[in-house]
Structures are given as C-alpha cells and as structure tokens.
Amino acid sequence: MSQLMVVKKHLNLAWEMIKLNIASAMEYRASFLIQVLGMIVNDVGLIFLWLIFFQKFPVVGGWDFTDSALLFAVTTTSFGFFMIFGGGAMTIARMIHQGQLDYFLTFPTNTLWHVVVSRTEIPAIGDFIFGLAIYLIFIDYSLGSILLFLGVAILSALIFINFIIITQSIGFFVGNFEAAAEQLFHALLGFTLYPQSVFHGWLKVIMLTIIPAFFIATLPVSLLNNFDWNVLLVMFLFWLVTLWLAIWIFYRGMRDYESGNLINVQM
Amino acid sequence: MSAWWLKFDKYLEISKIAYQDTLTYLVSLLSRAGTIIFRIWIFTQLYTVTYEYTGQSQVGGMSVAMVIWVLMLTQSFASSTRPLVSKLIEEEVKSGTLAYSVNKPYSYILFHLFGYLGRCWANLVANLVIGVLAAVVLVGVVKISLVGILLGIILLIFGLVLNFLFSMIIGLSAFWLEDISSLHWIYQKGQMVFGGQILPLALFPIYWQKIIYLLPFGQMFYNASATMINFSWAAFEQSLIVQLIWLLVVGVGAELMFRLGVKNVSINGG
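Remember, it's a predicted structure, so these values are computed and weren't measured experimentally.

1. Structural notes on the overall build of chain B
Phase 1: A count of helical and extended segments in chain B gives 12 helices and zero strands.
Phase 2: Taken from N to C terminus, the helices and strands of chain B fall in the order α-α-α-α-α-α-α-α-α-α-α-α.
Phase 3: Scaling as 2.2 N^0.38, a compact globule of 270 residues should have a C-alpha radius of gyration of about 18 Å, and chain B matches this with 20 Å.
Phase 4: Counting only C-alpha atoms and orienting by the principal axes, one finds that chain B spans roughly 70 × 40 × 40 Å.
Phase 5: For chain B, the proportion of its 270 residues judged to be buried stands at 44%.
Phase 6: Counted over contacts in chain B with a minimum sequence separation of 6, partners at least 24 positions apart contribute 83%.

Okay, structure coming up:
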C-alpha cells in the first residue's frame, strides 16, 4: 500500500470514529444538548471574568480585553478540536495502568493513532462553537481571517495533542501516572487563561519547555495579531519536534507495556 | 438508649477514616498542592504588572502582597474540597449504591459531610504548608491579626459546609437529570469568577461588588481568606449574616432534595 493510501486510511478511520462517537452521543439528545450548551455557558463565565478585570484595569503589560478575547477564541477552538478529534489521548495513562491497550493491539492500524482518535469529548463541541463565536464577535469575520484563525487553532491543537501523548505516556515507565498527567494538563490550561504579556523570568522558561503554553497560546495570538511567516515556521517546527517525541516515547513505552488480564467488552 | 455524643462519635470516626484515606494517596495529595505554587506564581506576575500599570501601591485597600496571600488562601481552601462531593454522590445515585447507604444506621447527609470534612482537613494541611511557603518566597509576609485568623476560621468552616451542601444538591440532581457534568462546570466556573479565585472581590468595580457579595460563591472561601488577611469587623459581620442565610436556604434545599430523591430509589435484590 502506498504511503498516500495509508494516510487516507487513517484519516478515514478518524472521520468514522468521530461520526460514530457523535452519533451515539446524539442518541441521548437532551444529554447531548446539555453537555454542549453547558460548556458554552462555562466558557462565557471565563470571558465575563476578563471583561470585568479589564473594566478595572484597561491595559496590563500592553494587553487589553481584545487580546484576551483572541486568546480565548484560539485556546477554546484548539482545545475543542483536540478533544473532538483526539480525546483518546487523555486516556492513555489510565489504559496503560489498567492494561486496556490490548484491545487496540489487535487492529491492523497504527496503535497510537487509533488510541488518540478513539474518543470524542462531546462538551468540546461547545468549546469549538464558543471559540469561533468569540472570534467572529470580537475580532474579525472576513473569510481570509477566519481561515487563518482556524489554521492556527488546528496547529495549536496538534501541539496540544503531542504534549498530552508525551505526558500520558510517562505512565509506561512509572506505573500509575494518571493523576500527575492530569495535573500537567491543568497546569498547561492554567497558563492559557491569563494575559500572556505578564509572564517573565523562570515562568516564561517553563512555558517554553516543560509546559509549552507559549506555543499553544502566546504564539497563536501574536500570529493572529501580526502575521509573520517566521512565527508560523517556529510553531510548525515545534509541532514536528513534539510529534517525533510523542511517537518515540509512546512506542518506546509500548516495548515495556505489560498486557492486562482483564476481559473487557469494548462498547 | 445511647447519649447524643455517642451517636455523634461515629461521624467523627468517619471523618478520621476519610482523613487517613486521603493521606494514603500522598502523591496525589502533593501534586494537587503543588499546582498551587504555579497558580500563586502566575498571580504574582499578573498582579505585579497590573499594579505597575495603575501606578498605585494599593487598589481596593489591598497591596500586591495582600492580593497574593488572599488568592493563595482562597485557592488552598477551594482545592482542599477535591474530590468533588457532587461527583461522589452522582456515582452513588447512578450506580445504585445509594440504596444500600440509606439503610445504614446513620444520616446519609451527615455521613458524607463528615467524610468530606476529613478529606478537606488532610488536603488543607498540605495546601497551606506549600501555599504559605510559596507566598512567603514570592511576595514576603503580610501583617495579620489573631482575631482575623480566628474569625476567618469560623467563616471557613461555614464556607466548607456551604460548598458541601451545594455539591450535595448538584450530585442529587442525578436522580432527575441524565447528565449533570454541565452543572459541575457551571458551579465551578461560578466559584472561579464570583468566588474570588482569580480576581479578588475587593478589586471588582464597586457596582459589581454590591451584587457579588450577596451571591453564595464568595461566601465559601474568599470571605474567610479576606478576613484572615484584611480584617474588618463590618465585613466579617456582613459575611457571617449572608453566609448563615445561604446555609439555611441551601441546607433546607439539600434535605428536601434528598427526601424527594430517595423516593425514586428501588431495591431489586440480587
């Protein structure tokens, strides 16, 4: 099979998985709507907080409410995309700990890809809708601008997924890493809430390395404010490096993976 | 017939077991407490830059150091309530284990309340040790009064109970709603926005403050923190009155919901 066919096959798998996950969630129509609308209300709460903050302090380190609105637009859209397309990445540490990866090993597909696309978080649809709406309301609604926004948000989401795969895969080497991986995920999310211009010193170093919020939040906002090919290239290269690291750590860990003896029915 | 304190004794034992159980998972306890360092660090940079831009050393009667200490305490108190009671109750309702609990010789609500307080105590100690150290390193010490600390502790205890009762109501909603995750998020976001976990309520514009101080969110953890760091009798009295009214309303609500919900429970044996 040619490389192109393999890529097509895996993209098809992702598409079918998302369709199936959403269709099965929509069987419980009320629950589906509550989850999506609940997440939108939840996100509105966040933007409301910063609306109040900037009423009191109009400019912080050259950052104003519009910048925060753009930050939330990018981060909620990219987070939404990540959780719709790759929600399974969040379960890797748990599956390692409970020996549940066996199920995926029996398929003739790339295991990591299959695990990542196996799950769709329904509330993330609310995040995606909210992010796009915030962009249209507060930033811009021209077609070119929206396409650039979506492109940058998707690139940010792909970096996000790599970070999650890397942190979750540590579970291969240390046993139960589920809670710690979740804390790292929340630490990353935490950085994306605040005006990015206030970070400096060692905190900035952490954002550039261990918890790469700089590439998920700071650079996308900068790129959308003032487009620069060099910045886009930096983001792209960072995605490539983290992708290589994510694939390497996952398959290196798989060598040490001990199969579980639980008999599960996969629904 | 046993004396009332002997009946009460079993609840203290429940607290003790929950406390020891929380200490058993030390890595989880410390990693949760560790995230407070990150948050305090972020807040220090945020509010230092913010205050520099205003050109003032105090805003709303608070310096940067006071803001950081209030946020550190609020975050420590809020974080000590994990895992969420609402999630535990939801699981019991959905899995049906609640049916077995309600037949036991104890009050279901008090059983969960004392278990929750035991867990909070264990988490609180870890959060405060790490949080206080982080605050001292980042912004130094602030002037506090013994009266403020003692009265703050009273507000904290009532605040923890208030949070428990709200969580109980959310968890019990699972009797009637298919999915209550959105209620969890909205409640947590309410705490984050109106509970002073990111922006201290004293820094809100005045017209917002009038409404926000009447809402329950600030009554849970923020007012206790503010009393400890920036004590005033007037603020304490107002907080206590609003807190007690909310406790009464939400307490009655939780009890009514529990009684209504239990009517839905059916035991099928097996």
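Additional details are given in the paragraphs that follow.
2. Section: helix 2 (residues 26-54) of chain B
Phase 1: Between its first and last C-alpha atoms helix 2 of chain B spans 42 Å; for 29 residues at 1.5 Å apiece the expected length is 42 Å, and the two agree.
Phase 2: After helix 2 of chain B finishes, the residue B:Gly55 shows a positive phi value of roughly 75°.

3. Looking at the environment of B:Asn264
Phase 1: Relative to the helices and strands, B:Asn264 resides in the segment after helix 12 (233-262).
Phase 2: By C-beta crowding, B:Asn264 is classed as exposed, having 10 other C-beta atoms within 10 Å.

4. A look at the nonpolar core
Phase 1: With 147 residues, the main nonpolar core has A:Val74, A:Phe160, A:Ile161, B:Ile68 and B:Met72 as its most contacted residues.
Phase 2: Sort the elements by how many residues they give to this core and helix 8 (residues 143-169) of chain A lands first, with 13 residues.
Phase 3: When residues no more than four places from it in sequence are discounted, the contact partners of B:Ile68 are B:Ile40, B:Phe43, B:Thr44, B:Tyr47, B:Ala135, B:Leu138 and B:Val139.

5. Concerning the interface of chain A and chain B
Phase 1: Every contact between the two is made by 33 residues of chain A and, on the other side, 28 residues of chain B.
Phase 2: Secondary-structure elements contributing two or more residues to the side of chain A that touches chain B are helix 2 (29-56) and helix 10 (178-191) of chain A.
Phase 3: Ranked by residue count, the leading element in the side of chain A that touches chain B is helix 2 of chain A, at 16 residues.
Phase 4: Along the lines of polarity and charge, the residues of the side of chain A that touches chain B split into 21 nonpolar, 11 polar and one charged.

6. Some points on helix 7 (residues 123-139) of chain A
All names here are of chain A.
Phase 1: Taking 1.5 Å of rise per residue, 17 residues should cover 24 Å, and helix 7 covers 24 Å from first to last C-alpha, within 8% of that figure.
Phase 2: Three or more residues of helix 7 are buried, namely Pro-123, Ala-124, Ile-125, Gly-126, Asp-127, Phe-128, Phe-130, Gly-131, Ile-134 and Tyr-135.
Phase 3: Buried-residue contacts for helix 7 involve helix 2, helix 3 (65-86) and helix 8.

7. What to know about the packing of helix 7 (residues 146-172) of chain B against helix 12 of chain B
Residues and elements named next belong to chain B.
Phase 1: Between helix 7 and helix 12, whose axes approach to 9 Å, the crossing angle comes to 25°. On the basis of their axis angle, the class for helix 7 and helix 12 is roughly parallel. Of the two possible hands of crossing, helix 7 and helix 12 adopt the one that is left-handed.
Phase 2: Residues belonging to the contact of helix 7 with helix 12 are distributed by class as follows: 18 nonpolar, six polar and no charged.

What counts and how
Residues numbered from 1 in each chain as written. Chains lettered and ligands numbered in written order. Predicted model: local features only at pLDDT ≥ 70, side-chain atom pairs only at ≥ 80, totals over all residues. Helix = DSSP H or I, 4+ residues; strand = E, 2+ residues; numbered from the N terminus. Rg over C-alpha atoms; globule rule 2.2 N^0.38 Å. Buried ≥ 20, exposed ≤ 12 C-beta atoms within 10 Å, placed from the backbone. Contact = placed C-beta atoms within 7 Å. Expected span 1.5 Å × (residues − 1). Core = buried A, V, L, I, M, F, W, Y, C linked by C-beta atoms within 7 Å. Nonpolar A, V, L, I, M, F, W, Y, C, P; charged D, E, K, R; others polar. Axes fitted to C-alpha atoms, helices over the stretch in contact; angles between N-to-C directions. Parallel < 35°, antiparallel > 145°, perpendicular 65-115°, else oblique. Left-handed = near helix turned anticlockwise from the far one by under 90°.

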